[in-house]
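Here is how the chains run, residue by residue.
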Amino acid sequence: MDELRLALRRLFKRPGTSLASVLTLACGIAGAASAWSLLSAVLLHPLPVQDSDRIMVVGARRADSQETQTTFVYPTIDAARTSGAFEDVAAGGAWS
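Residues numbered from 1 in each chain as written. Predicted model: local features only at pLDDT ≥ 70, side-chain atom pairs only at ≥ 80, totals over all residues. Heavy atoms only, no water.

Draft legend 1. View of the overall build of the protein chain. Helix and strand counts for the protein chain stand at 4 helices and 2 strands. What you see in the protein chain, going N to C, is helices and strands ordered as α-α-β-β-α-α. Buried positions account for 3% of the 96 residues belonging to the protein chain. As displayed, the protein chain has an accessible area near 9,000 Å², and 62% of this comes from carbon and sulfur atoms. (Helix = DSSP H or I, 4+ residues; strand = E, 2+ residues; numbered from the N terminus. Buried < 20%, exposed > 50% of the residue type's maximum accessible area, 1.4 Å probe, protein only. Areas by Shrake-Rupley, 256 points an atom, 1.4 Å probe, with all protein chains shown as cover.)

Pasting the structure below:
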């Protein structure tokens, strides 16, 4: 009980230092909690879609660039969907 009284006396003797310490601890705990929440949501929980292990990213590479473009306009996506090009994709399983 004497240690608690001594600790409280020291806390109230220097309130600026005590406030800085408490705020530093609060920011550290909040940062760790938010990082864990993000990690948990992204890596530990499965996607809320059916057959999430079969999801693939479709991209196109321009001839003059090494970058892969993964954003398409809707007519391109609609044409790919209706053409049946993805019906017999065999290479997708080898990449996953």
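Right, picking up where we left off after that structure.
Draft legend 2. Highlighting helix α1 (residues 2-13). For α1, built from 12 residues, the straight-helix expectation of 16 Å at 1.5 Å per residue is met to within 8% by its first-to-last C-alpha distance of 16 Å. Where burial is concerned, little of α1 is hidden: 0 out of the 12 residues are buried. (Expected span 1.5 Å × (residues − 1).)

Draft legend 3. Geometry of a positive patch on the surface. On the surface, a cluster of positive charge is contributed by Arg9, Arg10, Lys13 and Arg14. Secondary-structure assignment places Arg9 in helix α1. (Patch = residues over 30% accessible without salt bridge, like charges linked within 9 Å, V, L, I, M, F, W, Y side chains within 5 Å. Salt bridge = Lys/Arg side-chain N within 4 Å of Asp/Glu carboxyl O. Lys, Arg positive; Asp, Glu negative; His and termini not counted. Charge placed at Lys NZ, Arg CZ, Asp CG, Glu CD.)

Draft legend 4. A nonpolar patch on the surface, seen in detail. There is a patch of nonpolar side chains on the surface, built from Trp36, Leu38, Leu39, Val42, Leu43 and Leu44 and spanning about 660 Å² of accessible area. By the element assignment, Leu39 lies in helix α2 (residues 15-44). On the accessibility criterion, Leu39 (36% relative accessible area) is partly exposed.

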